[in-house]
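# Observations on the three-dimensional arrangement
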Amino acid sequence: MTDYDAFATAYAAETETSLLNAWYCRPAMLGLSGDVAGRRVLDAGCGSGPLTAALRDRGAIVSGFDLSAAMIDLARERLGADADLSVADLAEALPYDDRTFDLVVSSLSLHYLADWNPPLTEIRRVLRPGGRLVVSVPHPAAYMFNYPDRDYFAVTQYSEEFEFDGRAAVLTYWHRPLHAMTDAFTKAGFRIEVVSEPPWAPDTPPELLPADLGDRTAFVCFLFFVLEPS
Ligand SMILES: C[S@@+](CC[C@H](N)C(=O)[O-])C[C@H]1O[C@@H](n2cnc3c(N)ncnc32)[C@H](O)[C@@H]1O
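Just so it is clear, the model here is predicted, and its values are computed rather than measured.

Conventions we followed
- Residues numbered from 1 in each chain as written.
- Predicted model: local features only at pLDDT ≥ 70, side-chain atom pairs only at ≥ 80, totals over all residues.
- Heavy atoms only, no water.
- Near = heavy atom within 4 Å.
- Polar contact = N/O pair within 3.5 Å; in protein donor to acceptor, adjacent residues only side chain to side chain.
- Areas by Shrake-Rupley, 256 points an atom, 1.4 Å probe, with all protein chains shown as cover.
- Nonpolar A, V, L, I, M, F, W, Y, C, P; charged D, E, K, R; others polar.
- Buried < 20%, exposed > 50% of the residue type's maximum accessible area, 1.4 Å probe, protein only.
- Helix = DSSP H or I, 4+ residues; strand = E, 2+ residues; numbered from the N terminus.
- Contact = heavy atoms within 4.5 Å.
- Arc of directions from axis to C-beta.
- Salt bridge = Lys/Arg side-chain N within 4 Å of Asp/Glu carboxyl O.

Our next topic: the site of the ligand. Inspection of the region around the ligand gives 18 residues, with G45, D66, D89, L90 and S107 positioned closest. D66 places a side-chain nitrogen or oxygen 2.6 Å from an oxygen atom of the ligand. Within the side chain of D89, a nitrogen or oxygen atom sits 2.8 Å from a nitrogen atom of the ligand. For the ligand, whose accessible area on its own is 590 Å², the fraction buried by protein is 95%. Across the shell around the ligand, the residue classes break down as eleven nonpolar, five polar and two charged.

Below, the structure written as structure tokens:
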């Protein structure tokens with residue numbers, strides 16, 4: 001059983017409409033994914049499948065996997081019994097042939113892993129030549145702001161408490177400084193095409209935005225990369 005099995009339904013419900021997921025992370029991932037019509041797309045760490053479904057709505061031929069069986073059950077409810085969804089571990093060999101996908105998206109999942117080389121090497125293996133990987137992770141600067149007494153430069157496991165749809169949950173994941181991310185991409189054979197710190201979606205309901213944003217046009221929360229096999 002993974003952490004997410006314990007609160008899968010609450011997490012899925014919360015993130016369906018939340019500012020950070022529905023109006024910030026997902027629109028940014030979709031924008032960076034570009035035109036996916038007719039493309040084979042893998043959602044690595046797909047959770048309950050909201051991004052997978054949005055990509056399919058845009059014409060992609062989607063596959064997805066997640067470590068949490070409960071999340072995959074929810075994704076199957078969303079995408080249908082015949083959807084190509086699997087329980088699989090980003091840290092292990094992936095159940096796909098070489099050069100299968102035009103695009104791999106991995107949204108808010110890589111930071112659960114201590115070592116990024118196995119997942120990035122596997123993702124590179126299943127990408128077709130000319131394919132791309134679009135990633136979102138917690139912005140490492142947010143760790144610096146939130147934990148000023150800790151060492152920004154140390155790859156560090158830490159836990160945070162959340163409330164999802166009224167249910168308490170603890171998430172445990174890894175902080176890594178920016179250079180550790182870019183080193184991992186290079187080591188696994190990717191070059192960085194885009195680094196993005198986007199604003200929230202323009203149609204975000206204003207009542208969802210923090211009251212103290214003032215004139216700011218973006219906030220430090222997640223960091224987005226578009227990567228190409230080098
Ligand atoms: C923050 S959620 C994001 C889910 C989904 N990508 C989304 O944007 O809604 C993180 C997901 O990563 C999955 N996950 C964590 N570690 C994983 C691993 N080693 N392999 C595959 N999935 C993993 C969790 O089960 C969870 O569904």
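Let's shift gears to helix 3 (residues 50–57). Most of helix 3 sits out of view: six of its eight residues are buried. Regarding helix 3, the residues found buried are P50, L51, T52, A53, A54 and L55. Among the structural elements, helix 2 (19–33), strand 1 (40–44), strand 2 (61–66), helix 4 (69–79) and strand 4 (101–107) are those in contact with the buried residues of helix 3. Of the residues flanking the end of helix 3, it is G59, one or two places downstream, whose phi is positive at about 100°.

With that settled, consider helix 7 (residues 178–187). When we look at burial in helix 7, the residues that qualify are A180, M181, A184 and F185. Angularly, the buried residues of helix 7 cover 140° about the axis, an arc narrow enough to put them on a single face. Opposite the buried face of helix 7, by more than 90 degrees, sit the exposed residues T186 and K187. Structurally, helix 7 contributes buried residues whose contacts are with helix 5 (117–126), strand 5 (127–138), helix 6 (140–146), strand 8 (190–196) and strand 9 (222–229). Just downstream of helix 7 lies G189, where phi reads positive at about 95°.

Before going further, it helps to spend a moment on the pattern of salt bridges. In total, this model carries five salt bridges according to the counting rule given. Its salt-bridge partner being R125, residue E122 comes within 2.9 Å of it at the nearest N-O pair. Highlighted residues: E122 and R125, both in helix 5, separated by three residues, approximately one helical turn. E122 gets classed as buried once you look at its relative accessible area, which sits at 14%. Close ionic contact of E228 with R191 constitutes a salt bridge, the shortest N to O distance being 3.0 Å. Residue E228 is found in strand 9, and its partner R191 is found in strand 8; the two are separated by 37 residues along the sequence. A single salt-bridge network, built from bridges that share partners, covers D98, E122 and R125.

It is worth stressing that arrangement in space is one thing and function is another; only the former is reported here.
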